[in-house]
Amino acid sequence: MIANNSYIKIFGTMGLSIGLMVILFLSSEQEVHRNNAFIRRYPPHPITKLYDLDVIHNSYYIAGFDRDLLYLGNRSAPWHLLQVNMRTRDTLPIRLTPSGNGLRYRSIHTSVLPPYFFVMDGTMPFILRGRLGEWKAHAWMEGAAFFDRAVPVDSHLMFIRTISSKTQKSTLGIIKKTTGFQVALDTTLLEAQIDGIFDVDGTMVLSKETSKLGYVYYYRNQFMTMNLEMKGLHRHRTIDTVETAQISLAEPNLKGDVSMKSPPLFINKATCMSRNLLLIVSDRLGKNESEEMLDEATIVDAYDYLKGSYEYSFYIYDIKKHKVREFAVHEGYLVALLDTQISVYETREPYFDGSISTNNQNIKDYLLASSGRRSKTRTTE
Amino acid sequence: MKGLKHLQVWIPYAVSILCSILFIYAATSKLWDFQNFKTQLGQSPILTAYAEWVVWLVPLTEYILAFLILADRFRLIALYGTLGLMTMFTTYIVLVLNFSDYIPCTCGGVLEAMGWTEHIIFNAFFIVLVTLAILLSTPKLPPKAIPT
């Protein structure tokens, strides 16, 4: 009898322990994935470094990709592009030429979207378009709409941010070229917290694979994704806890210009989209993270915006104390710009292959979770 | 028969000492490099959300068990406790290996040099020992209950 009793106790103890552990595991999964507690997870090596390449100037920005080729635009030499073959590491300077003479410009941004490249100036405003390889830019749009940033979506669609004349606040919109130009602004997308210009500032991103547009606020823990018609809006929270932009603005000067009084608190610094992932550079520390790490690397958080969940984080290492300025993912490569260098990484499966959202179970998971999720996700249609 | 009787007294005692040494060593090595332990546990895929208090709970439990198991009065309870803790550790490893999104680089804490499979075997060995000790040290077994 007593021996039997011991067996019951032994198996009872073991059963209880296993049960407790499984419950801990399941609820921890829940916490990390859905609850947006500010805790990061670092799987081993989602990216591995291939090489660093010195491109001499620190004024480069990522203009776009074409297969293995990376194109860098240059802020201080607006008609210049640098072509970098990511496989062979060959670089080739390219000179762009406008088709007409006497083009006036103030601030030019170049963007590559095969088979075209775009030269854009939202202050004039104009957008030129040319074919890759020919490098001659022809007028595509002139005077239809002012904008302060534009992202080409395809050869006749442009994702823009501008100041709405109606509300005098920053607004997202699209320029569509059919026979003429259609400019559609949606003033409800960007939600003002302070002045509606500085506080809603952020980065505009595009995922060609899933046909989604994204906007990531700089100063608060939110981003949004929508389809190419700016419909089907989803608002997401990041794992950070700062909900309200922490910036302070000075009184307008005599010319009426407003500037920031103190350095703002950046929550989401640089971003890019890759398939179902939205990647955000953040230098904010979560729980269980050591501060020393920030002296040598930058943290990148990966979110699956189709599932509406935080997935994992990884590091991009600094080069001689210089941090990542911007980065992008393209066909198995992750490219980061740091000072005068570019760091080229290889992205590893299954972290970047989009398998997470093509999996049926996960989609079901998402549908279940999106109805009762705490993170604020809203759909407008 | 006499040797067997001897063994019955000896095994629980030996197992207790062994467990005590293991726990004291494990808990001390965790506290020794506490920051490291905390970081590793925080980044482990299972306990991420509870790392804050688990980092304290685990070494504390290990110390308490290590001392209780040496006292005759509490040995049986402590043995059950050890069995529970060991089962939890093993379950943790099995969950990490099979159901988690990724397998962490280091396991940290107890005997870092061991691989995951060795760890499971090591733990299973201890679970068997402890079970044996519990069965043998259950007080006043009626003679007929031991078939020899």
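One numbering rule holds for all chains: residues counted from 1, following each sequence as written. By the order in which they are written, chains take letters starting at A while ligands take numbers starting at 1. Only residues with pLDDT of at least 70 are given local features in this predicted model, and only at 80 or more are side-chain atom pairs given and counted; all residues enter the totals for whole chains, interfaces and linings.

**Quick word on the overall build of chain A**
A tally of helices and strands in chain A yields four helices and 25 strands. A fraction of 47% describes how many contacts in chain A between residues 6 or more apart in sequence connect residues 24 or more apart. In this text, helices come from DSSP runs of H or I with a minimum length of four residues, and strands from runs of E with a minimum of two, each type numbered from the N-terminal end. Contact definition: two residues whose C-beta atoms, as placed from backbone geometry, lie within 7 Å.

**A closer look at the overall build of chain B**
Secondary structure summary: chain B contains five helices and zero strands in total. Labels follow a simple rule on C-beta atoms placed from the backbone: if 20 or more others lie within 10 Å of a residue's own, it is buried; if 12 or fewer, it is exposed; otherwise it is partly exposed. Counting every position in chain B, which comprises 148 residues, the buried fraction comes to 34%. Within chain B, residue pairs in contact and separated by at least 24 positions form 73% of the contacts whose partners lie at least 6 positions apart.

**What about the pairing of strand β2 (residues 60–66) of chain A?**
Residues and elements named next belong to chain A. With five of its seven residues buried, β2 lies for the most part within the structure. Two strands pair when backbone bridges link them, and β2 and strand β3 (residues 69–74) are joined in this way by six bridges, in the antiparallel orientation. Bridging across to β3, I62 finds its partner in L72. Criterion used throughout: strands pair if DSSP finds at least two bridges between them. Connecting β2 to the antiparallel partner β3 that follows it, the hairpin turn spans two residues, and R67 within it adopts a positive phi of roughly 50°.

**Quick look at the sheet that holds strand β21 (residues 297–304) of chain A**
Residues and elements named next belong to chain A. As summarised here, the arrangement of the four strands in space is β19-β20-β21-β22, forming an open sheet in which the pairing is antiparallel. Every other strand in the sheet has two partners, leaving β19 (271–274) and β22 (309–317) as the edge strands with one partner each. Going from strand to strand, the sheet's axes swing by 25° on average, the running direction of each strand aside. All axes are obtained by fitting lines to C-alpha atoms, using only the stretch in contact for helices, and the reported angles, taken between N-to-C directions, cover 0 to 180 degrees.

**Here's the deal with unusual backbone geometry**
All names here are of chain A. Cis geometry marks the peptide bond from M124 to P125, where omega comes out at -15°. Structurally, the position occupied by P125 is in the loop between β8 (116–121) and β9 (126–131). Going from E349 to P350, the amide bond is cis rather than trans, its omega being 0°. Here P350 shows up in the loop between β25 (341–347) and α3 (355–358). You will see that H45, though not glycine, has its phi angle at about 50°, which is positive. Residue position: H45 is located in the loop between α1 (2–34) and β1 (47–54). For M230, which is not glycine, the phi dihedral falls at a positive 60°. Owing to 17 C-beta atoms within 10 Å, M230 belongs among the partly exposed residues under this scheme.

**Observations regarding helix α3 (residues 51–68) of chain B**
In this model α3(B) runs 25 Å from its N-terminal to its C-terminal C-alpha over 18 residues, within 8% of the 26 Å that 1.5 Å per residue would give. Turning to α3(B), its buried residues are A51(B), V55(B), V58(B), P59(B), E62(B), L65(B) and A66(B). In this analysis, the expected span of each helix is defined as 1.5 Å times one less than the number of residues it contains.

**What to know about the sheet that holds strand β16 (residues 212–217) of chain A**
Residues and elements named next belong to chain A. The strand order across the open sheet built from four strands is β15-β16-β17-β18, with neighbouring strands paired in antiparallel fashion. Of all the strands in the sheet, the pair left with one neighbour each is β15 (202–207) and β18 (234–237). Within this sheet the neighbouring strands show an average axis-to-axis angle of 20°, counted without direction. Pairing between strand β17 (residues 222–227) and β18: four bridges, direction antiparallel. Bridging from a neighbouring strand, Q222 pairs with R237 of β18.

**Side note on helix α5 (residues 116–137) of chain B**
For α5(B), which comprises 22 residues, the first-to-last C-alpha distance of 31 Å matches the rise-based estimate of 32 Å (1.5 Å per residue) to within 8%. For α5(B), the set of buried residues is N123(B), F126(B), L129(B), V130(B), T131(B), A133(B), I134(B) and S137(B).

**Thoughts on the environment of R237(A)**
All names here are of chain A. Tracing the backbone through its elements, the reader meets R237 in strand β18. Judged by the 20 C-beta atoms lying within 10 Å of it, R237 is buried. In sequence terms R237 and M224 are 13 residues apart; their C-alpha atoms lie 8.6 Å from each other.

**Some details on the environment of I127(A)**
All names here are of chain A. Relative to the elements of secondary structure, I127 occurs in strand β9. A count of 26 C-beta atoms within 10 Å places I127 in the buried class. Each C-alpha atom, one on I127 and one on H109, is 9.6 Å from the other, the two residues being 18 residues apart in sequence. Contacts of I127, omitting those with residues within four sequence positions, involve F118, M120, W140, M141, A150 and M158.

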